Amino acid sequence: MYLDNAATSFPKPDTVHEAVLHAMRTVGASPGRGGYRQSLEAGRILFQAREAVAGLFSIPDSSRVIFTQNATGALNLALQGTLVAGDHVITTSMEHNSLLRPLYALQNNGIELSIVPAGSDGVVSVEAIHHALQVNTRMIAVNHVSNVCGAIQPIQELAEICRRCGALFLVDAAQSAGYLPINVEKYAIDLLAVPGHKGLLGPGGTGLLYVAPHVQLKPVVYGGTGTHSTAEEQPQVMPDGFEAGTHNLPGIAGLLAGIAFIGDVGISVIHQHERALLSLVEQALREISGVTIYGPENPSDRCSVLSFTASGVDSVLLATELDYGFDIAVRAGLHCAPLAHRTLGTLPGGTVRISPGWFTTREEIAFFSNAVVQCIGKIRKASE
Ligand SMILES: Cc1ncc(COP(=O)(O)O)c(C=O)c1O
């Protein structure tokens, strides 16, 4: 049983498998690289996928959607493509290394960084972010939902701060896209980084960055774009100039099918399903003595993931018992967000993280709940 959809979603809808196979078996060609029909068909799929992304996030112009390899690629492009020496960036202690590491690296290029600590529930205070503003603040960069504890950040209020001080607003939607509605215009998001392979149900190796029309982006990868072939400099045409090299067409075709699937089911239905499952997990865990659940007290302030520890039980050992004893896949230990673990008080051992997906059933959650009781009991008994 797979309960690690926060890492990547599994299984994918059959329509995603079919779209990948169709792109590989029948389309075959590279988009924008030929005038023959197969290449034109590849170009159509690419365009339809961009339009589907635009529809999902209420993006008025789909040419502002750049396909990347994953959310990490999107975050790197957003940061390296906009920031210059002397810029100040505000971020939070709840961020993933995919956001933190490029920022740490940019500090060597003269970027100033403030990391605002979130509360012990993982939620960042709007006042604390406001307090960190400087005259040279160029960007506020936050994740929408914490991959460690599921805390939903107050992005509308943070967008308002950006709007007032003229800073760019970068949102890492790695754990919210496909689970929560996101409207880039309503939330005044300037840069939205999204994985294609998590909540959007696309294949691995897919992701995207939305760039608002007023944002000037510099390319960070140089190479062939299928256009402006004689130009020595990288064409800065959206989106081609930022997608140098051959596209992952099978992946993008699968992503298109994933987004169509989400559209058919409905984000709010997916969200309710996931919330109902997490609440069943929570009920079961709260009956076990010595279990701590992390993140906001109110489950409606959390999304996608549930993280817990059990006193006297090593999280990694518990996950191993679940895997080998019950064939249940959960993530355990540290979840690529060291400052988030410090904030939540879960260093050095980390947590056990469960993230059900659309295809997870109530029966599976009941099986998990029973298994976790048995595994905790076994580990505690062995250490007596
Ligand atoms: C909050 C957050 N940001 C960024 C990422 C990176 O996503 P990707 O693996 O698509 O690069 C993850 C992955 O787990 C994440 O949880």
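The rules we used
- Residue positions within a chain follow its written sequence, with the count starting from 1.
- Given that this is a predicted model, residues contribute local features only at a pLDDT of at least 70 and side-chain atom pairs are listed and counted only at 80 or more, while totals for whole chains, interfaces and linings are drawn from all residues.
- Side-chain descriptors were evaluated using all non-hydrogen atoms of the structure, hydrogens and water having been removed beforehand.
- Starting at the N terminus, helices and strands are each numbered in turn, a helix being any DSSP run of H or I of at least four residues and a strand any DSSP run of E of at least two.
- Atoms considered for the radius of gyration are the C-alpha atoms alone. The globule rule reads 2.2 Å times the number of residues to the power 0.38.
- Buried means the residue's accessible area, taken with a 1.4 Å probe over protein chains only, is under 20% of the maximum for its type, while exposed means over 50%, and partly exposed covers the values in between.
- Pairs of residues are marked as contacts when any of their non-hydrogen atoms sit within 4.5 Å.
- Exposure was quantified through the Shrake-Rupley algorithm and a 1.4 Å probe, taking into account, for residues, occlusion by the shown protein chains and nothing else.
- Charge counting follows a simple rule: Lys and Arg are positive, Asp and Glu are negative, and His as well as the terminal groups are ignored.
- Here the site of a charge means atom NZ of a Lys, CZ of an Arg, CG of an Asp or CD of a Glu.
- Domain boundaries shown here were taken from an automatic or database domain assignment.
- Accessible-area loss on putting two parts together, using a 1.4 Å probe and summing over both, is the definition of buried area adopted here.
- In this text, near means that some heavy atom of the residue lies within 4 Å of the molecule or strand in question.
- As used in this structure description, the phrase polar contact means that two N or O atoms lie within 3.5 Å; if the pair is within protein, one of them must be able to donate a hydrogen and the other to accept it, and residues adjacent in sequence are counted only when both atoms belong to side chains.
- Axis lines are fitted to C-alpha atoms, over the contacting stretch for helices. Their N-to-C directions set the angle, which ranges from 0 to 180 degrees.
- These descriptions rest on fixed angle ranges, namely under 35 degrees for roughly parallel, over 145 for roughly antiparallel, 65 to 115 for roughly perpendicular, and the rest for oblique.
- A clockwise turn of the near helix away from the far one marks a right-handed crossing, whereas an anticlockwise turn of less than a right angle marks a left-handed crossing.
- All residues other than Ala, Val, Leu, Ile, Met, Phe, Trp, Tyr, Cys, Pro, Asp, Glu, Lys and Arg, Gly among them, are scored as polar; the first ten of these are nonpolar and the last four charged.
- Multiplying 1.5 Å by the residue count of a helix minus one yields the expected span of that helix.
- Only buried Ala, Val, Leu, Ile, Met, Phe, Trp, Tyr and Cys residues count toward a nonpolar core, and they belong to the same one when joined by side-chain atoms within 4.5 Å.
- Counted as salt bridges are all cases of a side-chain nitrogen of Lys or Arg within 4 Å of a carboxyl oxygen of Asp or Glu.
- Note on aromatic pairs: the rings of Phe, Tyr and Trp (six-membered ring only in Trp) are paired at centre separations within 6.5 Å, and the planes decide the class, stacked below 30 degrees, edge-to-face beyond 60, tilted for the rest.

Draft legend 1. Focus on the overall build of the protein. Looking only at helices and strands, the protein features 11 helices and 11 strands. Over its C-alpha atoms the protein spans a radius of gyration of 21 Å, differing by no more than 12% from the 21 Å that the globule rule assigns to 384 residues. Principal-axis analysis of the C-alpha atoms places the extent of the protein at approximately 75 × 55 × 30 Å. When burial is assessed residue by residue, the protein has 55% of its 384 residues classed as buried. A separation threshold of at least 6 residues defines the contact pool for the protein, and within that pool the share at least 24 residues apart is 68%. Here the protein has roughly 16000 Å² of accessible surface; of this, 53% comes from carbon and sulfur atoms. Across the protein, the centroid of the 24 positively charged side chains sits 2 Å from that of the 33 negatively charged ones.

Draft legend 2. How the structure looks around the domain arrangement of the protein. Segmenting the protein into domains produces domain 1 (14-265) and domain 2 (267-369). For domain 1 versus domain 2, the separation of C-alpha centres amounts to 27 Å. Contacts between domain 1 and domain 2 engage 31 residues on the former and 29 residues on the latter. For domain 1, the biggest contributors to the area lost against domain 2 are Val148, Tyr179 and Val265; these three give 29% of the whole.

Draft legend 3. How the structure looks around the site of the ligand. Neighbouring the ligand are 13 residues; Thr72, Asp172, Gln175, His197 and Lys198 lie closest to it. Within the contact set of the ligand, a nitrogen atom lies 2.6 Å away from a side-chain nitrogen or oxygen of Asp172. Interatomic distance of 2.8 Å between a side-chain N/O atom of Gln175 and an oxygen atom of the ligand. Compared with its free state, where it exposes 390 Å², the ligand has 90% of that area covered by protein.

Draft legend 4. Seen up close, the packing of helix H1 (residues 14-27) against helix H7 (residues 249-265). As a packed pair, H1 and H7 sit with axes 8 Å apart at the nearest point and diverge in direction by 150°. Considering the angle they form, H1 stands roughly antiparallel to H7. Read as a crossing pair, H1 and H7 show a hand that is right-handed. Of the residues in H7, those in contact with Thr15, Val16, Ala19, Val20, Ala23, Met24 and Val27 of H1 are Leu249, Pro250, Ala253, Gly254, Ala257, Gly258 and Phe261. For the contact of H1 with H7, the per-class residue count stands at 11 nonpolar, 3 polar and no charged.

Draft legend 5. Focus on helix H11 (residues 362-382). Compared with the 30 Å implied by 1.5 Å per residue over 21 residues, the 30 Å span of H11 between its first and last C-alpha is a close match. Each element contacted by the buried residues of H11 is listed here: helix H8 (267-286), strand E8 (291-293), strand E9 (306-310), helix H9 (315-326) and strand E11 (351-354).

Draft legend 6. Representation of the nonpolar core. Grouped together as the largest cluster of nonpolar side chains are 94 residues, with contacts concentrated most on Phe57, Phe169, Leu192 and Leu200. The element contributing the most residues to this core is H7, with 9 residues. Core analysis: the next-biggest nonpolar cluster, separate from the first, contains 26 residues, Leu3, Leu285, Leu306 and Ile376 among them.

Draft legend 7. Representation of the pattern of salt bridges within the structure. Scanning all chains against the criterion turns up 9 salt bridges. For Glu41, the salt bridge is made with Arg44, and the minimal N-O distance between the two is 3.0 Å. Highlighted residues: Glu41 and Arg44, both in helix H2 (residues 37-56), separated by 3 residues, approximately one helical turn. A salt bridge links Glu160 to Arg163; the nearest nitrogen and oxygen atoms lie 3.8 Å apart. Within this pair, Glu160 and its partner Arg163 are both found in helix H6 (residues 155-165), separated by 3 residues, close to a single helical turn. Given a relative accessible area of 53%, Arg163 falls into the exposed group. Counted as one network, the salt bridges with shared partners bring together Glu160, Arg163 and Arg164.

Draft legend 8. Highlighting the packing of aromatic side chains. Counting across every chain of the model gives 3 aromatic pairs. The interplanar angle of 75° and the centroid separation of 5.5 Å between the aromatic rings of Tyr2 and Phe10 together place this pair among those described as edge-to-face. On the basis of an interplanar angle of 35° and a centroid distance of 5.7 Å, the ring pair of Phe261 and Phe359 is categorised as tilted. With Phe261 in helix H7 and Phe359 in the loop between E11 and H11, the pair connects residues that are 98 residues apart, well separated along the chain. Given a relative accessible area of 18%, Phe261 falls into the buried group. Residue class for Phe359 comes out partly exposed when judged on its relative accessible area of 32%.

Draft legend 9. Representation of the environment of Phe261 in the model. C-alpha of Phe261 to C-alpha of Gly350: the two residues are 89 residues apart in sequence and 34 Å apart in space. Among all residues touching Phe261, those that are not within four sequence positions of it are Pro13, Thr15, Leu201, Trp358 and Phe359.

Draft legend 10. Molecular detail of unusual backbone geometry. Of note, the amide linkage connecting Phe10 to Pro11 takes the cis form, showing an omega dihedral of -5°. Assignment of secondary structure puts Pro11 in the segment before H1. Cis peptide bonds are those with omega within 30 degrees of zero, and the linkage from Leu347 to Pro348 qualifies with 0°. In this fold, Pro348 is placed in the loop between helix H10 (338-344) and E11. Unlike most non-glycine residues, Asp327 shows phi in positive territory, near 60°. The topology assignment puts Asp327 in the loop between H9 and strand E10 (331-333).

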